[in-house]
Amino acid sequence: MRAARCHTSRRGDEHCSVRPAERTGGTRMVRTPLSVPRVAACLAALHGLVFLVHRVAPIPGLSGIVPSADIIGLVNPLLFVAIAVCFWSAAAARPASIRLQRVAGVCASILVAVPAAYLIDSASGTAIGLDALLRSAPRMPFNPGRLSPNGSVAFILTGVAFLLLGRPAGKLRNAFYVACTCAVAFIGLAGITGHLLGLQTLYKLADFNRILPPTAVAFAVVGAGLWGLHEHGRQVPLQQIEGRITRRTLAVITLVALGGGIAGFAVMRESFQQSLSRNLYLAANTTATSLAHTIQVGLRFPRTVSRRPAVAQALDKLAADPADPISRAFLQRVAQNIVGDELSSAEFVSVAGAVLASAGNSVRAELSVVHPLRASGQVARLGWHEGYVLTTESDVHHDGLPVGRLVTEQRMPLFDRLVSDVRSSNETSDAAICSVDQRWAVCAPTRFRHAPFTIPLYDETAQPAFPVVRALRGHSGVQVAKDPRGIDVVSAHVPIGELGLGLAVKTDLSTLYAPLRSRLAVLALSIGGLIVVAIYALRSQVRPVVRRLADSERFMRHVTDGLPVRIAYLDQGARYLFVNDAHCKRFGLPRDEILGRTRQELTGTPLSGDAAAALAGVLQGQAQQFEFDEVVDGRTARIHCQLIPDRADDGSVRGFYSTGVDVTERNLAERSQRELAALLENTTDAVVQIDQHGNATFMNPAARRWLNIDLEEDVHARNFAEFTTPETDELFLRTIVPAVAASGIWLGEATIRDGLGRVVPVSHMVIGHADEDVARYSFVMRDISEARLAKEQREREHREEAQRLMQLSQLDPMTGLLNRAGFEALLDDRLRTLDARTSLALLYVDLDRFKPVNDTHGHPVGDELLKQFATRLKSAVRPTDGVARLGGDEFAIVVTNVRDGSSARVVARNIIAAAAAPFQLGELIVHVGASVGIALSSGGNDDCGALVARADAMLYRAKSMGRGQFAES
């Protein structure tokens, strides 16, 4: 315990001093070991020793608790050990020993000398040998391996304060001591506040805050200990005791208010920073998706034009006859027609590079930046010339061979607008679109860089030099970095689809934190006002209830304004007495213009019947709920309203609370869910959902009936493997799962077992559901038993017909095809059955390069080649068509029921493709080809010999055109 002793001075003032209580009998008690200076000594020693030990032998887990533990060097903890020695000497229960006093004096001198040397070294830039103390300390961002300037000042002031304690007491000495103590405490508290509030980010003026958080906390403790030493043993006049208590109480209130405000703002700043990063990333990601879509749309039109058969035929004709005027005119018309809204320039170019037709004005030669794009089937580039320009080169093929190219250019106004929108989101925002060129990133002009520029891909540590480089590597994210101007920015980087482009969107930190700076000022004013109110309440003890009510209302307003729900309080006359921000936004009016008015006065329309009935009911003391439609921002919204009566002590209703929630999206989702449920309940298709282990999670009624499962049975205990066949299991693992993982859906046919164990063929659709990996599957199955039986019946009839026809003719013994006699009989029969409405096509086929194979590898190899080719021919035609080997490597095909020559040409192309595929003859792989002559006969106007002669002539014409060709008559 401590007792207060008082005496009267010569001037008549009564003074009191707090001294240790005395034991019975007059023995003086020792000071409590838990005094503020001793606590400060223990904490300073703990700080110093912990970080000294961590520097020598790292303490496991300390870096996780104190993130800056690995940055603190050796000098900082050594100086705090010196501070602990000084505290222990100054706060000793009895006068300290001479040795301890001398050691404390040396420590105090070190506290002044060493930090002063660091300040001189830092200010002058002259090395004075201090680096020898820092060999094991890492290089810090602001002061590499050294004490920070404000930390050095705090150490110096602490040493000066301890040196002043050894001087005789006096006003000047006390004033200097208090000034040093307050300065040390201020540096510590300012450091804590700066780190909690992020003042280096919010205000450039606060960049002086360079001490680490543990050091700032330690200096705050040192300041409290120095103040405890100052308060110890002071004689205070009796009439000042009350003022002293008041000052201490106010100091506690101030610290609590500041601490609460700082902690609250720190949480708000963290949330604000996360929100900023999330919003910036969302904007960048949305823009990148839109840009990729815009490019893909721009690539689609030239690709479509290049695949038009008429264009391919015209280029093919020009390849054969460059002077063909009709083809040139056709291509010129196409070029002129496609130039306009879609394209700004179009050229048709031959394989040799000659321009065959062109339209529009090309700016390719004036592009200052060209970004190559990864586009399937096209050569695409995104260039810059007073805006973005998309250039494409689309190859045109005819019969599988390149016959020319379509070269196009198109302005990208939507692309430019998207980029402009994200760049103009605030006064410092900008966006860069870049591509990779060897070791550099090539970027188009931006908002603040009006000329194209290049940046290195990697820095000296082989890390991405700029955020856009990460986007070019396919990564997405948000980071704080310095831009080429050396200014701190928040940058979001996202790849633009799979096109090989990267997008980086950045905004200066100072711009992003401008709203937070205003909130910090409001917070400071609020805390200051709270402190003033506390002083007034403490002194006057009046109006405490009013103040509590005001605080309660302010709290309620902060809470309700942050909710996306309309909250209001209305009196018995339905006049608004309280509204939150959501209500203000709904009416488009400030709060002051809403309060005291009714809804009808604000909207100019009377209440609807449901709303009027609900109002009458709540004023009678009954809670009400109802929904109504309302036009909000040009769209009709569904509002769910709840009215809760507010009763007075006597039970009468004095008003009511109103809440309104926009449930439009919820109602639409519920309706969609109901419609989907009705669809699943009534469809005749079986719908089953399983998890990744095959356990059923849902079966619709059709599936339950099909699998003989009761409608009330819990399907979670069922595994779908109970109903699958081994063939379906193998299909699921080898084909379905990879297909669903790649595209999300698979369509095909499979077999399952129904509730009676019968194998049932089904048309099967499998859909995968997951965020990342496929976690569950949905099956939609339809019984195709009858359809399959009908198909098998038709195929059986075709086979029987083919067998009957084969029996009418002779077969080639080697290939199993018709021989010449069988062919002639078949052709004569088919020609006799022709009428005016049907046509027949005769295809003469001759293998190319067959004789070298036969001569080089022998007749057995040649015979095997003929057998395989015969098999391919039969696969290339219908079962009702006739295939014959006329002799050697000559074959003939009779195709019936053809509508026109296009059907015969399709068969000819299939035959040429079948012959072009490599033949595996034992260990030998042989490449040959085929030429085809086509002769058409319709209405029975040709006899067998004439038709064969025409087909044979067309075969020779195809041979003269080169290998792998066909000709028709």
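If you're wondering where the values come from, they're calculated on a predicted model, not measured in any experiment. (Residues numbered from 1 in each chain as written. Predicted model: local features only at pLDDT ≥ 70, side-chain atom pairs only at ≥ 80, totals over all residues. Heavy atoms only, no water.)

1. Some details on the sheet that holds strand β9 (residues 401-411)
The following threshold applies: Strands are treated as partners if at least two bridges between them are detected by DSSP. Here a helix means four or more residues in a row that DSSP labels H or I, a strand means two or more in a row labelled E, and each is numbered from the N terminus. Inter-axis angles, ranging from 0 to 180 degrees, are taken between N-to-C directions of lines fitted to C-alpha atoms, where helices are fitted over the stretch in contact. Pairs of residues are marked as contacts when any of their non-hydrogen atoms sit within 4.5 Å.
Pairing within the open sheet is antiparallel, and its six strands lie in the order β5-β4-β9-β8-β7-β6. Either end of the sheet is taken by a strand with one partner, and the two such strands are β5 (355-360) and β6 (369-373). Recorded for the sheet is a direction-independent mean angle of 15° between the axes of neighbouring strands. With five bridges joining them, strand β4 (residues 345-349) and β5 adopt antiparallel strand pairing. Looking at β5, one finds that Phe348 is bridged to Ala357. Relative to strand β8 (residues 388-398), helix α10 (residues 309-320) is tilted by about 70°, and along the sheet it contacts β4, β5, β8 and β9. Docked against the sheet, helix α11 (residues 325-338) engages β4, β5 and β9, running at close to 25° with respect to β5.

2. What about the UniProt feature "transmembrane region" (unreviewed entry) in the protein?
Here is the rule: UniProt positions are given in the numbering used here, feature names are shortened, and annotations may be inferred rather than shown by experiment.
Those residues carrying the UniProt feature "transmembrane region" (unreviewed entry) are residues 39-59, 71-91, 103-120, 147-165, 177-199, 211-229 and 250-268 in this numbering. For residues 39-59, helix accounts for 86% and strand for 0%, while the C-alpha atoms at its two ends are 24 Å apart. Counted over residues 211-229, helix gives 89% and strand 0%. Its end C-alpha atoms are 25 Å apart.

3. Concerning the pattern of salt bridges
Applicable threshold: Any Lys or Arg side-chain nitrogen found within 4 Å of a carboxyl oxygen on Asp or Glu counts as a salt bridge. With a 1.4 Å probe rolled over the protein chains alone, any residue whose accessible area is under 20% of its type maximum counts as buried; one over 50% counts as exposed, and the rest are partly exposed.
The tally for this structure, following the rule as stated, stands at 27 salt bridges. The closest approach of N and O atoms between Asp571 and Arg575, which form a salt bridge, is 3.2 Å. Asp571 sits in the buried class, given a relative accessible area of 12%. Within the structure, one salt-bridge network assembled from shared partners comprises Glu627, Asp629, Arg638 and Arg666.

4. Here's the deal with helix α5 (residues 149-165)
Think of an α-helix as 3.6 residues a turn; residues three or four steps apart then line up on the same face. What counts is decided by this rule: Expected helix span is taken as 1.5 Å per residue step, with the number of steps being one fewer than the number of residues.
Taking 1.5 Å per residue, 17 residues should reach 24 Å; α5 reaches 25 Å between its end C-alpha atoms and fits that length. In terms of residue burial, α5 counts as a mostly covered element, since 12 of its 17 residues are buried. Listed as buried for α5 are Asn150, Gly151, Ser152, Ala154, Phe155, Ile156, Leu157, Thr158, Gly159, Ala161, Phe162 and Leu164.

5. Quick notes on the pairing of strand β10 (residues 430-437)
Along any regular strand the residues' side chains alternate between the sheet's two faces. Taken across its eight residues, β10 has six buried, putting it largely inside the fold. Strand direction decides the pairing type here: β10 and strand β15 (residues 501-508), joined by five bridges, are antiparallel. Bridged to Cys434 within β15 is Gly502. Bridging between β10 and strand β11 (residues 440-443) involves four bridges; their strand directions are antiparallel. Residue pairing across strands places Ser435 opposite Val442, the latter belonging to β11. Hairpin geometry of β10 and β11 is characterised by an intervening segment of two residues between the two adjacent antiparallel strands and by a positive phi of about 60° at Gln438.

6. Some details on the confidence of the model for the protein
Heads up, the condition is: pLDDT expresses how confident the predictor is about each individual residue, on a scale running from 0 to 100.
In the predicted model, the protein carries a mean pLDDT of 79, and the fraction of residues at 70 or more is 82%. Long-range and interchain partners of residues 1-33, a stretch whose pLDDT sits below 50, account for 62 contacts in this model, where long-range means more than four residues apart. Across residues 129-145, confidence stays below pLDDT 50; counting only partners more than four residues off in sequence or on other chains, it has 30 contacts.

7. Focus: the state of the cysteines
What counts here: Note on terminology: pairs of cysteine sulfur atoms within 2.5 Å are recorded as disulfides.
Across all of its chains, the model carries one disulfide by this definition. One disulfide bridge connects Cys434 with Cys443, the sulfur atoms lying 1.9 Å from each other. An S-S torsion of about 105° defines the bridge between Cys434 and Cys443 as right-handed. Here Cys434 and Cys443 have matching classes, each one buried. Cys86 carries a free sulfur, and the closest cysteine sulfur to it, the one in Cys107, is 5.1 Å from it. Cys86 gets classed as buried once you look at its relative accessible area, which sits at 3%.

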